[in-house]
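Summary of the model geometry
Listed below, chain by chain, are the residues.
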Amino acid sequence: MFMTDLLYARAQMGLSLAFHIVFAAAGVALPVLMVLSDWKARRTGDSDYRKLSQKLAKGTAILFAVGAVSGTVLSFELGLLWPEFMGQYGEVIGLPFSLEGVAFFTEAIFLGIYLYGRERVSPGLHLFSGVMVAVSGAASAFFVTLVNVFMNDPSGFVATPHGPTDIEPLKAMFSPGWLTQTSHVLLSCYQASAFAMAGIHASVLLRHPGSAFHRKALSVALPLACVTALLQPVVGDLSAKHVAKAQPVKLAAMEGQFETERGAPLRLGGLPDVETGTVSHALDIPNGLSILAFGDPNAEVKGLNEFPRDTWPPVAKVHVAFQVMVGTGSAMALLALVTLAYRWRRKAWPSGRKMMWAWLVSGPLGLVALEAGWLVTEWGRQPWIVRGVMRTADAVTPVPHLAAPFWTFTVVYVFLGVVVVALLKRQVADTLPDREPKGPDVKGGEAHVH
Amino acid sequence: MSTDAVLGFVLAGTFVLYALFGGADFGGGVWDLLSFGPRKAEQRALIAHAMGPVWEVNHIWLIVGVVLLFAGFPRAFAALSVALHVPLTLLLLGIVFRGAAFTFRTYDMRGDAAQRQWGLVFSAASVVAPLLLGMCVGAVASGSIRVEGRVVVSGFFASWLSPFAWAVGVLALALFAFLAAVFLTHEASGAELREDFRRRALGAGVAVFVAAVAVLLLAREGAPRVWEGLSRSPFALALHAATGVAAVTAFALLWTRRFQWARLAAAFQAGLIVLGWAASQYPYLVVPDVTLQGAAASPATQRLLLIALGVGALTVIPSIALLFRVFRPRPEGSATTDTHG
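Quick caveat, the model's predicted, so the values are computed rather than measured. (Residues numbered from 1 in each chain as written. Chains lettered and ligands numbered in written order. Predicted model: local features only at pLDDT ≥ 70, side-chain atom pairs only at ≥ 80, totals over all residues. Heavy atoms only, no water.)

**Observations regarding the overall build of chain B**
Note the cut-off: Starting at the N terminus, helices and strands are each numbered in turn, a helix being any DSSP run of H or I of at least four residues and a strand any DSSP run of E of at least two. Between the two quantities, the radius of gyration covers C-alpha atoms and the globule rule is 2.2 Å times the number of residues to the power 0.38. The classification of residues rests on relative accessible area computed with a 1.4 Å probe and restricted to protein chains. Under 20% of the type maximum is buried, over 50% is exposed, and intermediate values are partly exposed.
A count of helices and strands for chain B gives 13 helices and 4 strands. Radius of gyration (C-alpha) of chain B: 20 Å, near the 20 Å computed for a compact globule of 341 residues. Seen through its principal axes, chain B has C-alpha atoms that stretch 60 × 35 × 35 Å. Counting across all 341 residues of chain B, residues that qualify as buried make up 56%.

Laid out in C-alpha cells, this is it:
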C-alpha cells in the first residue's frame, strides 16, 4: 500500500499514543490499587495484602518506567512530526503541558520514595508517598487531556492566517467540554486497569481456586472495576451530548448519520458506506439517537450532508471504533451489575467458575474500550489537528522518508510490549500457590473477603 | 528584564539541572559499560543502587526544558524539531532503550545472563544518548541551522555532523562521565570502591579538558558566533574563567580525596559550562536566525508560564529535597543491606 509522509507521521503519532496510553492508564490507576492494598495490610495486619501491595508496586515500577520513556518520546514527537502545530499553537497549550510536567515530576519523585524507601522512611511517610503518586498521576492525566480538549474544541485565541493572536491561555486550557472529557478519560484509566487486574487474578483463581492471595487481590480490584464500569456510561453519555452540540460532524460520523433527520434512530453496529450514504447490517432503535443526544425523541440530528465533503472524518472507522467502545463499555457495565448484585445478596464477592470466566474474558475489555474511545476522538477530529483552525496536513513536518522512524518505533514498541508482558507474567507466576515457599504459616482457606 | 529574557534564563537553568542530574545518570551508564577489575560487580551494583530511586526524576528536567521551549519560544521549537529531526529521533531511541533496559534489569528474575543483556543495552544507550545530545547542542551553537521565515533551509544532516558538533558531543559524554564518577566517589561505601571511581573521575577530568580544548579550537571555524562570544564579551569571558577555576579546583580536591567538596566543584564546573554556552550565544536561541525575542510567545503567555513554573517549583523542589534526603548515602556498610521494594 502506498503511504504518504503525512500518513506515516499520523501512523507514528498514533502508534506512540496507542502504546503510551496503556502505560499511562496503568500509571494513573495502579498506584490507587497499590495504596488500597497497602492500607488494607496496615489495617488488618494481613500479610497477603502486604505482598499484594508489593507486587503492585513492582508492576507499577515496570509500567511507569515504560510510560515515562514513551511519554518523553511523545513530548518530542509533537514537534518532530507536527512542527507547524507546535510552532503556532505551542504557546496556546503550553500551560496545561507545563502543569502536566509538574504533576509528572511529583509522581516520579514520590514513586521513587515509595518503591525504594519502604525500609528507609516511616510507615506514615511511605503511605503518604503512595497517595501522592496516585494524586499526581491523576493530575497529570487531567492536564494532558485538557490539551486534547483544546484540539477538539479550541478556544482562547483569535485565529489568523499567520497563527493565533489575542491568546488567553487560561481560557484555552479550559476549552468547552473539559469537565466531561477529563472525567471520561480518568474513569477509563481506572476502569481499564481494574478490569485488567481482575482478569489476571480471575485467571489464576480458575486454575487455583483455593488461593487466598488471589481472592484478596480480586477483592481489591472488583470494587474499583464495578464502580467505574457503572459510572462510565453516565459520563460517556454527557460527553456524547457535548459532542452532539459542539462537534456535530463528529457525532454524525460516530452514529453513521448521513442525512439530517428528525427522530433519528440509534444504529447499533453496522458498516457505513460513504459512497451510498448508508449503514449496512446495523440494528436500528427508532428515535434512539435523538433521545440520547438531545433528550427529545423528535430532536433534529445533523447529518454529514450538512458539512463540506472535505471536512468529513473517516466515517466508517469512527463509527466502528465508537461501536466497539460502546459495546465493550456496555458489556463491562452489565458484568459490574451482576457482580454487585451477587455481592449485595451473598455478602461476598463472587468466586464461582462462571463468574471467574466472565471476569477473565472481560479483563482486556477496559483497554479495548480505552483505545477505541481514543480512536473515536482522534479520527473523529480529522481532517483537523486543531478543529476548524489548522488541518493535520498543514501541520506535518517537511522532513522526508518518515517511513523509517515509523517502522523503527513500531519494531521497538512491539519488542517492549512483549518484554513487559513477559515480565508481568513472571511476577504473577511468582505468586502461584505451588510456587510459594512451603512453611508453617497457615494457608487461610476459603475465607470470605469483604 | 523582559519576560523573554527571564524565561530564557529559566530555560538555561533547566538545561543546567538536566546536565547535572540527567548527565550524572548517563555517566552512571557509561561506567557500567566500562566497569572492570576485581570489583567489577561492586561497581555495577553501586551505580544501580545510586540510580534506582532517582533516574526517572533526573530525566524529567529534559521534559521540563522541552515544554518550556515550545510554550515559551514556539518558533524555535518548531525550527529545531525540523532541523534536528534525525539526531533527536536517535536520542529518543537511546532514552527509551536506556530507561526500559535499566528497569527490566532491576525486575527481570531470570538470572545473570538476562541481567547482563539488559545491562549491555542500558550502558550502550548511555554512551550514545549524551553524544547525540551534545551534537544537537553543537548544531544549535554552530550557526549552521538556517531558518528563512518559518522554513528550515539548511537540510537535515550537515548541521549536526560537523566536526564542531562532534566535538561538543564528545565533550558532553566526557563531562557526564566525569560528573558521575565524582558523585560515585561520594556514594561509594568502601575505600577501595571509592578509589576505583576516583581514578575514573581523574581520567574523565582529563578527557573533559582535552574535549573542551578541541571544542574551543574548532569553534573559530565551526561556530564563529560562539567564538566571538567567547573571546569578546567580558561577561562570557568571566564565566569561562570561573569554569576554569572550578575545573582546576575539582581536580585538586579529587587528587587530595576531599570527595564531598569535589562533588560541589564538579557540579559548579558542569553548570558553568552549560551557562557559558548559553551566555556566548545570547540573545540567539538558534544561531544565527532565531533570537529569544523573535521566537517568544506573547507576553501574557510567558507571564502565566512563569507563574505556573513558580507554583511548580513550590511543589517539586521540596519533594526533590525529600527524595535526595531519603536516599542520601549512609555510613559505611549499611547502604548495601536494604532491598528494593
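Still to come is the rest of the account.
**A look at the overall build of chain A**
This is how it is decided: Note on definitions: a residue-residue contact is assigned when non-hydrogen atoms from the two residues lie within 4.5 Å. Computed with the Shrake-Rupley method and a 1.4 Å probe, the accessible areas treat only the protein chains shown as cover for residues. Residues counted as positive are Lys and Arg, residues counted as negative are Asp and Glu, and His and the chain ends are not counted. To locate a charge, take NZ of a lysine, CZ of an arginine, CG of an aspartate or CD of a glutamate.
Looking only at helices and strands, one finds 15 helices and 10 strands in chain A. Rg of the C-alpha trace for chain A: 23 Å, near the compact-globule value of 22 Å for 450 residues, within the 12% margin. Put simply, chain A has 450 residues, and 60% of those count as buried. Taking as baseline every contact in chain A between residues at least 6 positions apart, the subset at least 24 positions apart corresponds to 76%. In the form shown here, chain A has an accessible surface area of approximately 18,100 Å², with 67% of it arising from carbon and sulfur atoms. Across chain A, 36 positive and 32 negative side-chain charges occur, with their mean positions spaced 13 Å apart.

**Digging into the interface of chain A and chain B**
Put simply, the rule is: Buried area is calculated as the accessible area (1.4 Å probe) missing from two parts once they are joined, with the contributions of both summed. We define a salt bridge as a contact between a side-chain nitrogen of Lys or Arg and a carboxyl oxygen of Asp or Glu at a distance within 4 Å. Side-chain atoms alone can form a polar contact between residues adjacent in sequence; in general such a contact is a pair of N or O atoms within 3.5 Å, and within protein one must be able to donate a hydrogen while the other accepts it.
Listed as interface residues are 65 residues of chain A and, on the opposing side, 63 residues of chain B. Buried area between chain A and chain B, both sides added, is near 6,100 Å², and the carbon and sulfur share of it is 77%. Considering only the surface of chain A that becomes buried against chain B, F105, Y116 and R120 of chain A emerge as the three largest contributors, covering 15% of it. Connecting chain A to chain B are 3 salt bridges. E84 of chain A is paired through a salt bridge with R150 of chain B; the nearest N and O atoms lie 3.9 Å apart. Along the contact surface separating chain A from chain B lie 8 residue pairs in polar contact (both at pLDDT 80 or more). Elements supplying a minimum of two residues to the side of chain A that touches chain B: α2 (47–81), α3 (83–89), α4 (94–116), α6 (169–173) and α15 (403–429) of chain A.

**Regarding empty space enclosed by the protein**
So the rule is basically this: In the cavity and pocket records, a cavity denotes points on a 1 Å grid over the protein atoms alone where a 1.4 Å probe fits but cannot get out, a pocket denotes an open set with protein on both sides within 12 Å along at least 5 of 7 lines, and lining residues are residues with an atom within 4 Å of a point. Grid points are joined across faces, edges and corners, and a volume is the space filled by probe spheres set on the points. Charged means Asp, Glu, Lys or Arg here, nonpolar means Ala, Val, Leu, Ile, Met, Phe, Trp, Tyr, Cys or Pro, and polar covers whatever is left, Gly included.
Per the stated rule, a full pass over the model turns up 3 cavities of 30 Å³ or more. Lining the largest cavity are 15 residues, with L115 and Y116 of chain A together with G52, W55 and E56 of chain B sitting closest to its centre. Elements supplying a minimum of two residues to the lining of the largest cavity: α2 and α4 of chain A together with α3 (55–72) and α5 (85–107) of chain B. Taken together, the residues that form the lining of the largest cavity break down as 10 nonpolar, 4 polar and 1 charged. Reported here for the second largest cavity is a volume of approximately 90 Å³. Lining the second largest cavity we find A68, V69, T72 and F104 of chain A together with W55, E56, H59, I60, I63 and I95 of chain B. Secondary-structure elements contributing two or more residues to the lining of the second largest cavity are α2 of chain A together with α3 of chain B. Here the lining of the second largest cavity takes 5 residues from α3 of chain B, the largest share from any one element. Classifying every residue of the lining of the second largest cavity by side-chain character gives 7 nonpolar, 2 polar and 1 charged.

**Topic: the UniProt feature "transmembrane region" (unreviewed entry) in chain B**
What counts is decided by this rule: UniProt positions are given in the numbering used here, feature names are shortened, and annotations may be inferred rather than shown by experiment.
Summarizing the sequence annotation, UniProt attributes the feature "transmembrane region" (unreviewed entry) to residues 6–34, 76–97, 118–144, 164–185, 201–219, 235–255, 264–284 and 304–324 of chain B in the numbering used throughout. For residues 235–255 of chain B, helix accounts for 100% and strand for 0%, while the C-alpha atoms at its two ends are 30 Å apart.

**As for the pattern of salt bridges**
Under the counting rule described, the total for this entry stands at 21 salt bridges over all chains. Where E378 of chain A meets R381 of chain A, a salt bridge forms, and the shortest distance between an N and an O atom there is 3.2 Å. Here E378 of chain A and its partner R381 of chain A are both found in helix α13 (residues 365–381), 3 residues apart, which amounts to about one turn of the helix. For E378 of chain A, a relative accessible area of 14% corresponds to the buried category. What makes R381 of chain A buried here is its relative accessible area of 4%. A single network of salt bridges, built from pairs that share partners, joins R39, E192, D196 and R199 of chain B.

**Quick word on the side chain of Q281 of chain B**
All names here are of chain B. The topology assignment puts Q281 in helix α11 (residues 259–281). Exposure remark for Q281: the relative accessible area of 4% places this residue in the buried category. One polar contact links Q281 to W277, side chain to side chain, over a distance of 2.9 Å. Contacts of Q281, omitting those with residues within four sequence positions, involve V140, A141, V226, V286 and V287.

**Some remarks on the confidence of the model for chain A**
What counts, and what does not: pLDDT runs from 0 to 100 and stands for how confident the predictor is about each residue.
Per-residue pLDDT for chain A averages 93, and the proportion of residues at 70 or more is 96%. The low-confidence segment residues 437–450 of chain A, where pLDDT is below 50, has 17 contacts with residues more than four positions distant or belonging to other chains.

**Focus: the packing of aromatic side chains**
All names here are of chain A. Threshold: Pairing of aromatic side chains requires ring centres within 6.5 Å, counting the rings of Phe and Tyr and the six-membered ring of Trp. Pairs whose planes differ by under 30 degrees are stacked, by over 60 edge-to-face, and all others tilted.
Tallying each qualifying case throughout the model produces 27 aromatic pairs over all chains. Aromatic pair Y8 and F406: ring centres 5.7 Å apart, planes at 50°, arrangement tilted. With Y8 in helix α1 (residues 5–44) and F406 in helix α15, this pair connects stretches of sequence that are 398 residues apart. Looking at Y8, the relative accessible area reads 12%, which means it is buried. Through pairs of rings, three or more aromatic residues link up here, namely F19, F23, F409 and Y413.

**Focus on the nonpolar core**
Considering soluble globular proteins, one finds that nonpolar side chains tend to be buried as a cluster. Quick reminder of the rule: The nonpolar core is taken to be a set of buried Ala, Val, Leu, Ile, Met, Phe, Trp, Tyr and Cys residues, with the residues joined through side-chain atoms within 4.5 Å.
Counting residues in each nonpolar core, the largest one holds 219 residues, and the members touching the most others are F85 and W359 of chain A together with F104 and L285 of chain B. Each residue touching W359 of chain A, except ones within four places of it in the same chain, is listed here: F195, A198, G199, A202, L222, A225, C226, L335 and T339 of chain A. Core analysis: the next-biggest nonpolar cluster, separate from the first, contains 23 residues, V243, V249, A264 and L289 of chain A among them.

**Overview of a nonpolar patch on the surface**
The condition that has to hold: Patch definition: residues above 30% relative accessible area lacking any salt bridge, with like charges linked at up to 9 Å and the nonpolar side chains Val, Leu, Ile, Met, Phe, Trp and Tyr linked at up to 5 Å.
The grouping of V206, F209, V210, V213 and L217 of chain B at the surface amounts to a nonpolar patch, some 490 Å² of accessible area in total. Take V210 of chain B: it is sitting in helix α8 (residues 191–222).

**Thoughts on α2 of chain A**
Residues and elements named next belong to chain A. To keep things clear, this is the line we draw: The span expected for a helix works out to 1.5 Å for each residue beyond the first. Across the chain, bend at a residue is computed as the angle between axes fitted to the seven residues ending at that point and the seven starting from it.
Under the 1.5 Å per step criterion, the end-to-end length of α2 is 49 Å for 35 residues, consistent within 8% with the ideal 51 Å. Largest kink in α2: about 30°, centred on S75. Among the 35 residues in α2, 30 count as buried, and that is most of the element. Between the side-chain oxygen of the N-cap and the backbone nitrogen of D48 there are 2.8 Å, and the N-cap of α2 in question is D46.

**Some points on the environment of R267 of chain A**
All names here are of chain A. Summarising the element assignment, R267 is placed in strand β4 (residues 266–268). Separated by 13 residues in sequence, R267 and S280 place their C-alpha atoms 9.8 Å apart. In terms of polar contacts, R267 uses its side chain to reach the backbone carbonyl oxygen of E255, at 3.3 Å. A polar contact is formed between the side chain of R267 and the side chain of Q257, at a distance of 3.0 Å.

**Re the environment of S175 of chain A**
Residue and element names in this part refer to chain A. With respect to the helices, strands and loops of the structure, S175 is situated in the loop between α6 and α7 (178–207). Put simply, S175 and L146 are 29 residues apart on the chain and 7.7 Å apart in space, counted from C-alpha to C-alpha. When near neighbours in sequence (up to four residues on either side) are disregarded, S175 contacts V149, F150, D153, P154 and S155. A polar atom in the side chain of S175 sits 3.5 Å from the backbone oxygen of D153.

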